[in-house]
Protein chains: 2
Amino acid sequence: MENFVGDLNLKRYEDYVNVFDALSHPARIKIIGILAEGRQYVSELARLVNISRPLLYMHLKKLETARLVTSTMELSDSGKAMKFYALEDFDLHITRELLKQLSENIIIENPGGKE
Amino acid sequence: MENFVGDLNLKRYEDYVNVFDALSHPARIKIIGILAEGRQYVSELARLVNISRPLLYMHLKKLETARLVTSTMELSDSGKAMKFYALEDFDLHITRELLKQLSENIIIENPGGKE
DNA sequence: ACCACATGTAATAATATTATTACACATGAT
DNA sequence: ATCATGTGTAATAATATTATTACATGTGGT
């Protein structure tokens, strides 16, 4: 079962969980919306999203884990180090059938305690 | 911009966040996978997923909030009350463009503190 | 009366996520 | 030297999610 979705190449259910998790917060969707207009560097991105850099890094980490964004370091003309983030291309198609297939590999271990 | 996805009718970005949130946990994908084969009642569902009922209720609540599942109460032949959960039909198409549109309605308020 | 099995939820514990604060360091311009 | 702007991260606080335990209630069958 090959399953290419845009440039993302999601295979295991964990990959999908990472993507869903990444998309489950307004700030991260905002980040994606901004990066959809073009790459941006961290400090400016923080201003555009209206959050602090430390918090932005946390959100970016989740987006990177899901491979929805990528980053590159560059030296600006003025010689300052700048970290640019860019949005990956993707085209996710979520259906019952897909989730059913994913669920076949999911085994819930402990949870449930005394019952 | 009308945006029908399967039987789900997602409009606001909050609707999408709820769906992504609902799909961001293995147990909930497992639940969906099981319900994809047909409706099921709570106690049996708990056994199939291998979690306790209280925990299952918590997960089902998230799935209901996202409107991915629906529930109905019934009386079995033997007269016992049984709550059945069924999977909704859906066909989500997630693209940069969609997220960009959603992000236009997102305004991050406070976060960012001293910076 | 008691068991097996269904319903539901309140209270708490454990863990993870989200947010804040306070640092340190580098470059170029004034 | 100091300021403005960029980088990064450690430590902590606040909040939310996830998981557990312990209940209470109802039905039908033995």
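Residues numbered from 1 in each chain as written. Chains lettered and ligands numbered in written order. Predicted model: local features only at pLDDT ≥ 70, side-chain atom pairs only at ≥ 80, totals over all residues. Heavy atoms only, no water.

**Student:** Can you tell me about the pairing of strand β2 (residues 69-75) of chain A, naming the residues and giving the values?
**Tutor:** Moving residue by residue along a regular strand, the side chains alternate between the two faces of the sheet. Relative to strand β3 (residues 81-87) of chain A, β2(A) runs antiparallel, the two being bridged by seven bridges. Each residue of the ladder has a partner; that of Thr70(A), found in β3(A), is Ala86(A). (Pairing = 2+ DSSP bridges. Helix = DSSP H or I, 4+ residues; strand = E, 2+ residues; numbered from the N terminus.)

**Student:** Could you give an account of the sheet that holds strand β1 (residues 40-41) of chain A, with specific residues and numbers?
**Tutor:** All names here are of chain A. Spatial strand order, β1-β3-β2: three strands in an open sheet with antiparallel pairing. The sheet is open, and its two borders are formed by β1 and β2, each paired with just one other strand. Contacts between helix α4 (residues 53-65) and the sheet are confined to β2 and β3, with β2 contributing the most and set at about 120° to the helix. (Contact = heavy atoms within 4.5 Å. Axes fitted to C-alpha atoms, helices over the stretch in contact; angles between N-to-C directions.)

**Student:** With reference to specific residues and values, describe helix α5 (residues 96-103) of chain B.
**Tutor:** Listed in full, the buried residues belonging to α5(B) are Arg96(B), Leu98(B), Leu99(B), Leu102(B) and Ser103(B). Projection of α5(B) onto a plane perpendicular to its axis shows the buried side chains occupying an angular sector of 160°, all on one side. Looking at the buried positions of α5(B), the neighbouring elements they touch are α2 (26-35) and β3 of chain A together with α1 (13-22) and β4 (91-95) of chain B. (Buried < 20%, exposed > 50% of the residue type's maximum accessible area, 1.4 Å probe, protein only. Arc of directions from axis to C-beta.)

**Student:** Quick one: what's the story with the interface of chain A and chain B, residue by residue and with numbers?
**Tutor:** The parts lose accessible area when they come together, and the size of an interface is often stated as this lost area. With 41 residues of chain A in contact, the opposing surface of chain B contributes 41 residues. Taken together, both faces of the contact between chain A and chain B bury some 3800 Å²; the carbon and sulfur share is 64%. Ranking the residues of chain A by area buried against chain B places Ile29(A), Arg96(A) and Ile108(A) at the top, with a combined share of 18%. Among the ionic pairs, Asp89(B) bridges to Arg96(A), the shortest N-O distance being 3.8 Å. Between chain A and chain B we count 14 residue pairs in polar contact (both at pLDDT 80 or more) in total. Listing elements by their share of the side of chain A that touches chain B, those giving two or more residues are α1 (13-22), α2, α4, β4 (91-95) and α5 (96-103) of chain A. Sorting elements by how many residues they give to the side of chain A that touches chain B places α2(A) first, with six residues. Counted by class, the side of chain A that touches chain B contains 22 nonpolar, eight polar and 11 charged residues. Judged from the five bridges that link them, β4(A) and β4(B) form a sheet pairing that is antiparallel. Paired with His93(A) across the strands is His93(B), a residue of β4(B). (Buried area = accessible area lost by both parts, 1.4 Å probe. Salt bridge = Lys/Arg side-chain N within 4 Å of Asp/Glu carboxyl O. Polar contact = N/O pair within 3.5 Å; in protein donor to acceptor, adjacent residues only side chain to side chain. Nonpolar A, V, L, I, M, F, W, Y, C, P; charged D, E, K, R; others polar.)

**Student:** Could you give an account of the environment of Leu98(B), naming the residues involved and the relevant values?
**Tutor:** Mapped onto the elements of the fold, Leu98(B) is located in helix α5. For Leu98(B), a relative accessible area of 7% puts it in the buried group.

**Student:** Account for the relation of the copies chain A and chain B, with residues named and values stated.
**Tutor:** Here chain A sits on chain B after a turn of 180° about the axis and a move of 0.0 Å along it, with an RMSD of 0.0 Å. Taken together, these values place the two copies in the relation of a two-fold axis. Taken together, the interface assignments show that 100% of the residues at the interface of chain A recur at the interface of chain B, consistent with an identical surface on both copies. (Least-squares fit on C-alpha atoms with pLDDT ≥ 70 in both.)

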